[in-house]
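Close look at the chain arrangement
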Amino acid sequence: IALSGVTALTRQTIPVLDREGVEWAASGILDYVTAPDYFHTSNEVSFHPDCPAYVQGRLGAFCSKEAHFELFELLDLDIVELSGNHNNDYGYDAYLETLQWYVDREIAVIAGGETVEEARTPLIIEHNGNSIAMLSCNWPGPYYAQVNEDPNLLGGVRPGAAACDMGWLSEILPELAASHDQVILTMQHWEFDQYTPSPQQRTDFRRLAELGADVVVGTHSHFPQVFEFASGSEPGEEAFLHYGLGNIFFDQQFFGGVRFFMDQLYIYEGRLLTVDLFTGIIEDQGRPRPMTPDERENFLFLIFTQYGGM
């Protein structure tokens, strides 16, 4: 399973994709993301027929053009995470229509839905004798990005992302750990433009590992962040925690904003054997590619030595 971070086909990425095409955008990573059995990304923006024009009733600034959905099909996207905080920016109709596009194209959805139950539903993967549960949620909001079924609450009834409610997570993670070989939890946490996690992020990720998550990955961060191995739910068990993967499709042009990880998890006979750290750079606000050997050496020195304390 290959996990990637922030996808946002919006803002300055829109004219780049219009000019260069989605085939160009996919070309740099196509071989890597189509090799695994499953490719995942966290798409933070819904598609709208009038994008990028202003529309009445929008809640935020971000939308994606419908023509650019083809990029996901070219990349053979298998799993889309909807924990991001911009999916409802252009209104709930755009969210629901985009959700239906995923369903129609057999792209599995985690963290999002029309109801709380849908948004909280784990994705169960049974493959080659392995049983894997994937779950995802949103910590920070904003409120209109999170699913709600109570008309009396702020914003009323709306589709959206599952909130990272610790009462719910404290129940479901041990249940999933007891019935599946591996539990993968990805999430939208609070964003800080830095290579190291905040103290709260470390606390939250470690707590989720203790509850039963074997892999905990931050898909929110616009900076690639460090990782660690932490105590799992059973004595002697370790969990893999990667605090932030960085952007994979976005227009941010600062040093950290164009450098990213993808984590390919190799799971065999129910065990996580290893994690392949793909290191990439986004070129021209729209085309991710692998780092050269020199770029990779410099980047990993930054992550491991300067910020990772290794």
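This report concerns the structure included in the present document. Counting restarts for each chain, with residues numbered from 1 along the sequence as it is written. This being a predicted model, a pLDDT of at least 70 is required before a residue's local features are given, and a value of 80 or more before pairs of side-chain atoms are given or counted; all residues contribute to the totals for chains, interfaces and linings. No hydrogens and no water enter the side-chain calculation; it runs on all heavy atoms of the structure.

1. Brief notes about the sheet that holds strand β8 (residues 123–127)
Rules: Strands were regarded as paired on the criterion that DSSP finds at least two bridges between them. Numbered from the N terminus, helices here are DSSP runs of H or I no shorter than four residues, and strands are runs of E no shorter than two. Under this scheme, a helix contributes an axis fitted over its contacting stretch, all axes are lines through C-alpha atoms, and angles between N-to-C directions fall in the 0 to 180 degree range. Contact criterion: two residues are considered in contact whenever any of their non-hydrogen atoms come within 4.5 Å of each other.
Pairing in this open sheet of six strands is mixed, and the strands run β8-β9-β11-β12-β14-β13 from one edge to the other. Two strands bound the open sheet, and with one partner strand each, they are β8 and β13 (227–231). Along the sheet, successive strands turn relative to each other by an average axial angle of 20°, direction set aside. With five bridges joining them, β13 and strand β14 (residues 238–242) adopt antiparallel strand pairing. Pairing of Ser231 across the sheet is with Glu238, part of β14. Against the sheet, helix α7 (residues 166–179) engages β8, β9 (130–138) and β11 (182–188), with an angle of about 170° to β9.

2. Some details on the state of the cysteines
For the record, the criterion: By convention in this document, the label disulfide applies to cysteine sulfur atom pairs within 2.5 Å. Burial here depends on accessible area, computed with a 1.4 Å probe over protein chains only, as a share of the maximum for the residue type. Under 20% is buried, over 50% is exposed, and the range in between is partly exposed.
By the definition in use, this model includes two disulfides. Bridging Cys51 to Cys63, the disulfide has an S-S length of 2.0 Å. On the S-S bond that ties Cys51 to Cys63, the torsion sits near 80°, and the link is right-handed. In this pair, Cys51 sits in the loop between β3 (47–48) and β4 (64–65) while Cys63 sits in the loop between β3 and β4, placing the two residues twelve residues apart along the sequence. Exposure remark for Cys63: the relative accessible area of 2% places this residue in the buried category. Through a disulfide, Cys137 is tied to Cys164; the S-S separation comes to 2.1 Å.

3. Here's the deal with helix α1 (residues 13–20)
Where we set the bar: It is the directions from the helix axis to the C-beta atoms that the arc portrays.
Within the span of α1, buried status applies to Thr13, Ile14, Val16 and Leu17. The arc enclosing the buried residues of α1, seen along the axis, measures out at 165°, which places them on a common side. Its buried side turned inward, α1 meets α2 (22–27) and β4. Directly beyond the C-terminal end of α1, a positive phi value near 95° is found at Gly21.

4. A few points about the packing of α7 against helix α8 (residues 199–211)
Selection rule: Oblique is the label for any angle not covered by the other classes, which are roughly parallel (under 35 degrees), roughly antiparallel (over 145) and roughly perpendicular (65 to 115). When residues are grouped by polarity, Ala, Val, Leu, Ile, Met, Phe, Trp, Tyr, Cys and Pro land in nonpolar, Asp, Glu, Lys and Arg in charged, and all others, Gly among them, in polar.
Two elements in contact, α7 and α8, have axes whose closest approach is 8 Å; the angle formed by their N-to-C orientations is 40°. In terms of their interaxial angle, α7 and α8 are classed as oblique. Counting all contacts with α7, which are made through Met166, Leu169, Ser170, Leu173 and Pro174, the residues of α8 involved are Arg207, Leu208 and Leu211. The residue makeup of the contact of α7 with α8, split by class, is six nonpolar, one polar and one charged.

5. Details of the pattern of salt bridges
Just so we agree on the cut-off: By salt bridge we mean one thing: a side-chain nitrogen of Lys or Arg within 4 Å of a carboxyl oxygen of Asp or Glu.
Within the structure shown, the criterion is met by ten salt bridges. Residue Arg206 pairs with Glu228 through a salt bridge whose shortest N-O separation is 3.0 Å. One end of the pair, Arg206, is in helix α8; the other, Glu228, is in strand β13, and 22 residues separate them in sequence. Residue classification places Arg206 among the partly exposed positions, given a relative accessible area of 36%. Between Arg289 and Glu283 there is a salt bridge whose closest N-O contact spans 2.7 Å. Looking at Arg289, the relative accessible area reads 16%, which means it is buried. Connected through shared salt-bridge partners, Glu283, Arg287, Arg289 and Glu295 make up one network.

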